Structure formats: C-alpha cells, structure tokens
Amino acid sequence: MSRPVIGISTYQDPARWGVWEMPAVLLPAAYPRLVRAAGGLAVLLPPDDAEDAARDTVAALDGLVIAGGADIEPARYGAAADPRTGPPARERDAWEMALIRAAIDRQVPLLGICRGMQLLNVALGGTLIQHLKDHTGGLGVFGSHPVTPVAGTAYADAVPETTMVPAYHHQAVDRLGAGLVASAHAPDGTVEALELPDHGSLVLGVQWHPEMGQDTRVMAALVRAAGERAAPAPRTPDPRSRAPRTPVD
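So, a few notes on the structure that sits alongside this text. (Residues numbered from 1 in each chain as written. Predicted model: local features only at pLDDT ≥ 70, side-chain atom pairs only at ≥ 80, totals over all residues. Heavy atoms only, no water.)

Concerning the pattern of salt bridges
- Throughout the structure, instances matching the rule amount to ten salt bridges.
- Here R84 makes a salt bridge to D82, at a shortest N to O gap of 3.0 Å.
- Here E161 makes a salt bridge to R217, at a shortest N to O gap of 2.8 Å. Here E161, found in the loop between α5 (154-158) and β9 (163-167), pairs with R217, found in helix α6 (residues 217-230); they are 56 residues apart in sequence, far enough to count as distant.
- A relative accessible area of 35% places E161 in the partly exposed class.
- Here the residues in one salt-bridge network are R76, R92, D93, E96 and R115, joined through shared partners. (Salt bridge = Lys/Arg side-chain N within 4 Å of Asp/Glu carboxyl O. Helix = DSSP H or I, 4+ residues; strand = E, 2+ residues; numbered from the N terminus. Buried < 20%, exposed > 50% of the residue type's maximum accessible area, 1.4 Å probe, protein only.)

Quick word on unusual backbone geometry
- Although it is not a glycine, C114 sits at a positive phi angle of roughly 55°.
- On the secondary structure map, C114 appears in the loop between β6 (110-113) and α4 (115-123).
- Taking the relative accessible area as the measure of exposure, C114 reaches 5% and is therefore buried.
- Despite not being glycine, D198 has its phi angle at roughly 55°, a positive value.
- Following the sequence through the fold, D198 ends up in the loop between β12 (191-195) and β13 (203-206).

Details of the pairing of β6
- Alternating residues of β6 divide into L110 and G112 and L111 and I113, and every residue in both groups is buried.
- Inspection of the sheet shows strand β5 (residues 63-66) paired to β6 by three bridges, in the parallel sense. Bridging across to β6, I66 finds its partner in G112.
- Following the backbone out of β5, through helix α3 (residues 90-106) and into the adjacent parallel β6, one traces a crossover that is right-handed.
- As paired elements, β6 and β13 share four bridges and run parallel to each other. Bridged to I113 within β13 is V206. (Pairing = 2+ DSSP bridges. Right-handed = clockwise from strand over helix to strand, strands pointing away.)

Some words on a nonpolar patch on the surface
- A cluster of nonpolar side chains, namely W17, V19, W20 and M22, defines an oily patch on the protein surface of about 470 Å² accessible area.
- Inspection of the secondary structure assignment puts V19 in the loop between β2 (11-17) and β3 (20-26).
- On the basis of relative accessible area, V19 is assigned to the exposed category, the value being 75%. (Patch = residues over 30% accessible without salt bridge, like charges linked within 9 Å, V, L, I, M, F, W, Y side chains within 5 Å. Areas by Shrake-Rupley, 256 points an atom, 1.4 Å probe, with all protein chains shown as cover.)

What to know about the sheet that holds β5
- One open sheet accounts for nine strands, arranged β4-β1-β5-β6-β13-β12-β11-β8-β9; its pairing is mixed. Every interior strand has two partners, whereas the edge strands, β4 (41-45) and β9, have only one. Neighbour to neighbour, the strand axes of the sheet diverge by 30° on average, direction disregarded.
- With three bridges joining them, β12 and β13 adopt antiparallel strand pairing. Looking at β13, one finds that E195 is bridged to L204.
- Along the sheet face, helix α1 (residues 30-37) touches β1 (5-9), β4 and β6 and points at about 160° away from the line of β1. (Axes fitted to C-alpha atoms, helices over the stretch in contact; angles between N-to-C directions. Contact = heavy atoms within 4.5 Å.)

From the geometry alone we can't say anything about function, so treat these as descriptive.
Below you can see the structure in the form of structure tokens.
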C-alpha cells in the first residue's frame with residue numbers, strides 16, 4: 001500500500017543562495033522529516049490564490065498540515081493589535097485559512113501546528129490571547145513544558161499520558177471556535193490541543209512543535225487517518241458476475 005500524501009503549508013520570505021537574493025517558498029526541514037518518520041509522503045504546498053486553488057490543492061491530498069510561524073492578524077478575530085503582536089502576514093493568513101476550510105469541507109484529515117492550531121481556531125470563529133509569558137526558552141530557543149491530555153479525546157487516544165513538549169509561542173487560544181473542544185492543557189491552563197469531534201475525519205491542532213522533538217505519535221495519528229481515508233473501499237461482488245452453475249444429473 002502506498003504512503004498517504006500529506007501536504008504541508010509553506011510561506012514566502014526573502015532568501016539568499018549563491019549570488020541570488022529573492023523571494024522564496026520556505027519551510028523548516030523538520031516538518032517533512034516528521035511526516036516521513038510517521039509513515040507519510042510529504043509534499044510542500046506553495047502559497048497560491050486562496051479559494052479555488054485551495055480546494056483543488058486539498059482535493060489532491062490524503063492529509064494536510066498547517067505549519068507554525070508568524071502571528072495571525074488580530075483583525076481576523078475582531079481584535080485590535082497588541083503592541084507585542086508581530087506584523088501581519090495577510091496573504092499567508094488568507095491562503096492557509098482557505099486550506100483549512102477546504103480540508104474541513106472535504107473531510108480531509110488536518111493537523112495544525114502552533115500558528116496552524118491558532119488559525120484553525122480563528123477559522124471557526126474563535127479568538128486568541130495575543131501575548132503570554134513562559135512558553136518559550138528565550139529568544140530563538142525552544143522551551144519545554146508538560147502537556148496533559150483530556151480523557152476521551154482523539155489526542156488522548158494518540159498520546160494518553162502527560163508528556164514534555166517543545167514549545168515556542170507567545171500567543172494562544174482564548175475563546176474556542178464553533179464545534180472545537182480542548183483536548184490538552186499546560187499547567188497554567190493554556191489550551192495546548194484542540195479538535196473537532198464527530199466530524200468524520202481527524203481535525204486536530206497542537207500548540208507546541210512536534211517536529212522539534214522525537215515523539216511521532218501526533219503526526220502518526222494524522223498519517224493513520226489519512227491512510228484510512230485514502231484506502232479503497234472493499235468491493236462487493238456483483239452476483240450477476242458469477243459464473244452459472246452447471247446442472248448436476
């Protein structure tokens with residue numbers, strides 16, 4: 001059986017190689033490495049026009065990952081920008097939000113990581129805390145803290161015990177979006193995972209960065225759900241195709 005195809009969102013930033021410096025489509029290599037380690041086939045999704053391209057892109061995938069990165073523009077959830085919120089990435093917000101909506105509409109398994117979890121919440125009408133402390137290890141350094149699952153959730157099925165996770169974020173979920181439930185928390189009460197239950201496919205967000213650790217279980221849950229979706233349904237024999245029985249004297 002072929003590996004499930006897992007698309008990962010990317011973003012555009014200036015980059016330099018050789019004598020060239022120009023806009024480039026970027027993604028930390030740890031993301032596709034984690035997909036491969038979990039048994040999936042990683043493909044990178046360059047930014048495109050939002051609505052039509054997002055639907056066509058998601059239709060070609062077995063599963064989708066929305067990667068971490070820049071702060072979401074607060075106007076998307078009806079808030080004024082805190083001075084500590086980063087500059088807006090409007091085109092990225094629009095593209096990834098369209099990917100999320102297309103995946104939910106088509107019941108394509110979805111995993112949001114850090115920013116990706118926050119954007120999933122905003123896409124479903126939720127809001128964000130724009131600044132909190134102690135969820136990094138310092139500027140440019142990943143921190144580590146425990147995350148405890150909520151019993152009975154899909155996240156708890158994948159990771160049933162409290163685990164230490166690599167984290168680097170200063171924003172977090174505030175009011176949950178429509179239909180979402182919290183499925184893990186940090187000791188300070190921060191929502192560390194959320195999901196959309198009873199949807200027909202896995203829709204999961206995690207606030208930390210599993211690609212920066214050794215635990216593949218969160219990504220493996222996505223790959224497993226993607227594989228189940230991609231697997232062909234068993235064929236039911238057509239009784240009309242059976243060979244006629246030869247009469248016995």
